[in-house]
Amino acid sequence: MSGVLDFSEASGSSILSVSQKRSEDVILYQQYQVEQITLPDYAQCLAVEAFLRMSGLNFRVEQRTNAADMSPTGKVPFIQVGSQLIAEFEPIVKFASSKGYCLSKDLPDQSVAEMWAYVSMLDNILSNAEHYVAWMVPDVVAEVTKPRYGCAYPWPLNWILPWMKQREVHHLMTIKEWASKSLEEVIGEVRICLRALSEKLDKKTFFLGPKPTELDAVVFGHIYILLTSKLPGSPFNSLVSEFDNLKEFCKRIESTYFF
Amino acid sequence: MASEKMKLEVWKGDWGLPSVDPHCLAVLAYCKYSGVPVEVIKTGNPWRSPTGNFPVLRHKGEAYCKVTDIFSYLRKEHWGSDFELSTKQSADVVAFSALLEEKLLPALLHLWWMDDKTFLDVTRPWYARAIPFPLSLFLPGRTQKKAELRVNLTKGGESISEMETEAKVYKEAKECLNLLSHKLGEKQYMFGRLPSSLDALVFGYLAPLLKAPLPNNQLHNHLIQCDNLCRVVNDVLVTFFPADLREMEEKKKKEEQKSKNISTDNSEFPNRRRNMILAGFFALSAMAAYAWSSGLIQIQISDIDPAPSPNSRTNNRRGPAGVEAGVGQS
């Protein structure tokens with residue numbers, strides 16, 4: 001495990017960790033879940049929340065309308081520990097493991113390699129697909145994403161900011177060569193990804209070994225969103241239902257860690 | 001199988017590699033692994049390519065430009081090394097391919113196109129030499145812009161500085177190399193004794209990193225420490241692309257012989273003395289021509305020699321002008 005992780009972060013932490021471990025106050029910042037948050041961000045936030053719950057850290061969730069602007073990288077979610085801000089899933093995981101909260105420390109190297117490979121597959125395929133559906137399918141953009149993204153701002157801004165965000169996502173999708181794909185092709189990509197996950201999970205309780213790992217957290221975040229999102233045309237809901245074990249997995253995680 | 005032969009266009013090779021581009025290398029390796037009867041065209045002219053880039057696979061009037069498209073097309077035509085894999089291993093192929101794209105590709109793009117030293121010393125000269133004239137003026141620039149956009153949009157952002165982006169990209173790439181090394185272990189290929197499409201991709205990404213003469217190479221140094229990855233790349237080169245290795249060795253021998261023949265100073269500019277003489281001669285004649293035309297030197301042969309000839313007549317015509325100028329100056 002240690003070969004994978006960043007040493008520079010780990011080395012400086014030992015002094016801090018002992019005193020902070022008990023009374024550590026971790027705050028998870030995200031946007032308002034019910035009214036505001038968009039599909040791709042919601043998946044990321046859920047993944048981080050699931051990870052924090054699995055690792056048994058004490059934390060509380062703060063919902064802010066401007067969470068994305070508060071984040072050091074401009075992306076949600078981010079956590080605050082003392083005076084430190086850490087944004088996005090992977091840095092948060094590495095930070096937690098440097099404090100001794102590592103879910104995958106008992107795994108052999110090869111499993112860890114596989115774990116991170118699957119995590120980046122989810123980042124690569126499912127995140128792109130979520131961005132695509134949220135920001136590039138006209139119905140969804142007009143009915144769901146833009147009103148939600150702009151809901152926290154007064155009149156001219158609730159029109160301008162979503163438009164700017166949409167342009168940004170368009171650029172991102174173009175450069176990743178996703179913009180030219182049709183919705184069917186995107187769904188095909190998601191199906192490939194889900195099939196790979198389903199194969200990997202098989203009939204096990206968790207993806208790797210007897211305990212939950214970072215991969216389980218990420219998978220839960222994405223699959224839960226795909227299952228429960230209510231979008232016009234609901235492109236994903238039926239797709240996940242094709243894979244029973246993923247659906248079961250999702251329910252299991254929800255009932256174990258979220259109550 | 002199809003009667004018509006598939007044609008694969010790739011970037012030219014160098015440094016003992018069949019091609020310099022990671023994606024071209026991946027497709028070439030995939031074809032070699034599974035013995036696809038494909039006609040490989042090594043070229044530097046992307047004029048006919050639909051995207052202005054390589055690889056391009058042409059078959060039955062269709063052109064496929066993206067590596068994933070080419071792989072899935074070949075798979076559809078029942079060429080491929082992935083049929084032996086179990087469903088679990090196929091899932092791993094999808095996952096690790098995504099890992100490569102997400103973590104290693106940005107670092108390679110950064111290294112080749114955004115790192116000033118590498119771009120000026122290796123990338124730009126290479127492509128300027130490979131691509132024919134009018135295209136060579138703007139194609140490298142376009143590719144560079146694309147690479148910059150990709151790295152900055154996916155890894156950077158408004159609130160992150162360029163240095164932080166660079167550090168992040170290389171850190172992730174090194175971690176990715178570690179993960180690959182762990183996954184490979186002591187096996188011959190990723191999934192045992194048979195190479196898969198994942199091995200093709202890994203070979204494509206790693207071979208240029210290992211073989212190219214890169215000036216700034218923290219990634220190269222990290223790769224060298226992963227013995228098993230280096231071993232696989234070298235094995236694949238020796239087993240599947242021996243011709244290119246031989247070519248490089250011959251080139252090396254030739255260069256060595258040349259450098260033996262010529263003194264070490266001159267090896268870089270073999271015609272140095274000739275060029276110096278030519279330049280001196282050109283400068284002299286230009287000065288002489290200027291001096292003559294402005295009247296500093298006057299040629300008065302025509303005045304002395306009265307014999308009428310077509311040559312002397314032209315001289316005559318100019319002669320007075322020269323004289324006049326001379327007079328005017330004096």
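Residues numbered from 1 in each chain as written. Chains lettered and ligands numbered in written order. Predicted model: local features only at pLDDT ≥ 70, side-chain atom pairs only at ≥ 80, totals over all residues. Heavy atoms only, no water.

If you look chain B up in an unreviewed UniProt entry, it shows as Metaxin from Elysia crispata. The Sequence similarities (unreviewed entry) comment attached to chain B in UniProt states, word for word, "Belongs to the metaxin family." Recorded in UniProt for chain B, the comment headed Subcellular location (unreviewed entry) runs: "Mitochondrion outer membrane". (UniProt positions renumbered as here; feature names shortened; annotations may be inferred.)

In the nomenclature of an unreviewed UniProt entry, chain A is known as GST C-terminal domain-containing protein of Elysia crispata.

A. Focus on the overall build of chain A. Looking only at helices and strands, chain A features 11 helices and 4 strands. Whereas a compact globule of 259 residues would reach a radius of gyration of roughly 18 Å, chain A reaches 18 Å, a difference of no more than 12%. Its C-alpha atoms put chain A at 50 × 45 × 35 Å along the principal axes. Sequence separation of at least 24 residues holds for 75% of the intrachain contacts in chain A that already meet a minimum separation of 6. Total accessible area on chain A is roughly 11,400 Å²; 54% of this is exposed by carbon and sulfur atoms. (Helix = DSSP H or I, 4+ residues; strand = E, 2+ residues; numbered from the N terminus. Rg over C-alpha atoms; globule rule 2.2 N^0.38 Å. Contact = heavy atoms within 4.5 Å. Areas by Shrake-Rupley, 256 points an atom, 1.4 Å probe, with all protein chains shown as cover.)

B. Fine view of the overall build of chain B. Broken down by element type, chain B carries 13 helices and 4 strands. Across the 330 residues that make up chain B, the buried fraction comes to 44%. Total accessible area on chain B stands at roughly 18,400 Å², and carbon and sulfur atoms take up 55% of it. (Buried < 20%, exposed > 50% of the residue type's maximum accessible area, 1.4 Å probe, protein only.)

C. Just the confidence of the model for chain A, in detail. Residue and element names in this part refer to chain A. Chain-level pLDDT for chain A is 84 on average; 91% of the residues reach the 70-or-more range. The least confident element of chain A is helix H1 (residues 7-23), whose mean pLDDT is 42; the most confident is helix H2 (residues 39-54), at 91. Below a pLDDT of 50 lies the segment residues 1-23, which in the model reaches 31 contacts outside its immediate sequence neighbourhood of four places, other chains included. (pLDDT = per-residue confidence, 0-100.)

D. Molecular detail of the packing of aromatic side chains. By the definition in use, this model includes 18 aromatic pairs over all chains. Between Tyr30(B) and Phe71(B), the aromatic rings sit 4.3 Å apart at their centres with planes inclined by 25 degrees, giving stacked as the arrangement. Of the two residues, Tyr30(B) sits in helix H1 (residues 22-34) while Phe71(B) sits in helix H2 (residues 67-76), which places them 41 residues apart along the sequence. On the basis of relative accessibility, which here comes to 5%, the residue Phe71(B) falls in the buried class. Through a chain of ring-to-ring contacts, three or more aromatic side chains come together here, namely Trp11(B), Trp15(B), Phe54(B), Trp112(B), Trp113(B), Phe119(B), Trp126(B) and Tyr127(B). The residue whose ring lies beneath Lys181(A) is Trp178(A), and the NZ or CZ to ring-centre distance is 4.2 Å. (Phe/Tyr/Trp six-rings, centres within 6.5 Å; stacked < 30°, edge-to-face > 60°. Lys NZ or Arg CZ within 6 Å of the ring centre and 35° of its normal.)

E. Region of the structure containing the pattern of salt bridges. Applying the stated criterion across every chain yields a total of 19 salt bridges over all chains. Taking the shortest distance from any N to any O, the salt bridge between Glu101(B) and Arg150(B) comes out at 3.4 Å. With a gap of 49 residues between them, Glu101(B) in helix H3 (residues 87-114) and Arg150(B) in helix H5 (residues 133-155) connect regions that are remote in the sequence. Through salt bridges with shared partners, a single network forms among Glu90(A), Lys94(A), Lys103(B), Lys155(B), Glu172(B) and Glu175(B). (Salt bridge = Lys/Arg side-chain N within 4 Å of Asp/Glu carboxyl O.)

F. Just the pairing of strand S1 (residues 26-30) of chain A, in detail. Residues and elements named next belong to chain A. Burial analysis of S1 places 5 of its 5 residues in the buried class, which makes it a mostly covered element. As defined by bridge partners, S1 adjoins strand S3 (residues 78-81) across 4 bridges and the pair is classed as antiparallel. Paired with Ile27 across the bridge in S3 is Gln80. (Pairing = 2+ DSSP bridges.)

G. Structural view of the sheet that holds strand S4 (residues 84-87) of chain A. All names here are of chain A. The 4 strands lie next to each other as S2-S1-S3-S4, forming an open sheet whose pairing is mixed. Looking at the sheet topology across the chains shown, the edges are occupied by strand S2 (59-63) and S4. Sheet twist, expressed as the mean angle between neighbouring strand axes with direction ignored, is 25 degrees. Pairing of S3 with S4 involves 4 bridges; the strand directions are antiparallel. Residue pairing for S4: Gln80 is matched across the bridge by Leu85. Across the sheet, H2 touches S1, S2 and S3, and the angle it forms with S1 is around 165 degrees. In the packing of helix H4 (residues 89-98) onto the sheet, contacts are made with S3 and S4, and the angle to S4 comes to roughly 130 degrees. (Axes fitted to C-alpha atoms, helices over the stretch in contact; angles between N-to-C directions.)

H. Inspection of helix H5 (residues 109-136) of chain A at higher detail. Over its 28 residues, H5(A) extends 39 Å from the first C-alpha to the last, a length consistent with the 40 Å expected when each residue adds 1.5 Å. Taking burial as the measure, the 28 residues of H5(A) include 25 buried ones, the bulk of the element. (Expected span 1.5 Å × (residues − 1).)

I. Seen up close, the interface of chain B and chain A. Contacts between the two partners involve 28 residues from chain B and, on the opposite side, 34 residues from chain A. For the pair chain B and chain A, the summed buried surface comes to about 2,700 Å²; carbon and sulfur atoms form 56% of the total. Taken together, the connections running from chain B to chain A amount to 4 salt bridges. A salt bridge links Lys88(B) to Asp202(A), with the shortest nitrogen-to-oxygen separation between them at 3.5 Å. One can count 7 residue pairs in polar contact (both at pLDDT 80 or more) joining chain B with chain A. (Buried area = accessible area lost by both parts, 1.4 Å probe. Polar contact = N/O pair within 3.5 Å; in protein donor to acceptor, adjacent residues only side chain to side chain.)

J. Representation of the UniProt feature "domain: GST C-terminal" (unreviewed entry) in chain A in the model. Annotation from UniProt places "domain: GST C-terminal" (unreviewed entry) at residues 106-259 of chain A. For residues 106-259 of chain A, helix accounts for 75% and strand for 0%, while the C-alpha atoms at its two ends are 27 Å apart.

K. Fine view of the environment of Tyr149(A). All names here are of chain A. Following the sequence through the fold, Tyr149 ends up in helix H6 (residues 138-150). In this structure, the C-alpha to C-alpha distance between Tyr149 and Ser255, residues 106 residues apart in sequence, is 29 Å. Filtering out sequence-adjacent residues up to four positions away, Tyr149 remains in contact with Gln36, Thr38, Trp135, Leu161, Pro162 and Lys165.

L. Local environment of a nonpolar patch on the surface. Residues and elements named next belong to chain A. A cluster of nonpolar side chains, Leu157, Trp159, Ile160, Trp163 and Met164, forms an exposed patch at the surface whose accessible area comes to about 530 Å². Note that Ile160 resides in helix H7 (residues 155-175). Using a relative accessible area of 33% as the deciding quantity, one classes Ile160 as partly exposed. (Patch = residues over 30% accessible without salt bridge, like charges linked within 9 Å, V, L, I, M, F, W, Y side chains within 5 Å.)

M. Local environment of the pairing of strand S3 (residues 56-59) of chain B. Residue and element names in this part refer to chain B. Summarising the sheet, strand S1 (residues 6-11) and S3 pair through 3 bridges and their orientation is antiparallel. Across the sheet, Lys7 pairs through a bridge with Arg58, a residue of S3. One ladder, built from 3 bridges, connects S3 with strand S4 (residues 62-64); its direction is antiparallel. Within S4, the residue paired with Arg58 across the bridge is Ala63. Counting the residues that bridge the hairpin from S3 to S4 gives 2 residues, and of these Lys60 lies at a positive phi of roughly 50 degrees.

N. Main features of the packing of H5(A) against H3(B). In the contact formed by H5(A) and H3(B), the axes pass within 7 Å of each other and the chain directions differ by 70 degrees. In terms of orientation, H5(A) and H3(B) fall into the roughly perpendicular class. Pair H5(A) / H3(B) crosses with left-handed handedness. On the side of H5(A), the interface is formed by Ala113(A), Glu114(A), Trp116(A), Ala117(A), Tyr118(A), Ser120(A), Met121(A), Asp123(A), Asn124(A) and Ile125(A), while H3(B) contributes Lys88(B), Ala91(B), Asp92(B), Val94(B), Ala95(B), Phe96(B), Ala98(B), Leu99(B), Glu101(B), Glu102(B) and Lys103(B). When the residues that make up the contact of H5(A) with H3(B) are grouped by side-chain class, the tally is 12 nonpolar, 2 polar and 7 charged. (Parallel < 35°, antiparallel > 145°, perpendicular 65-115°, else oblique. Left-handed = near helix turned anticlockwise from the far one by under 90°. Nonpolar A, V, L, I, M, F, W, Y, C, P; charged D, E, K, R; others polar.)

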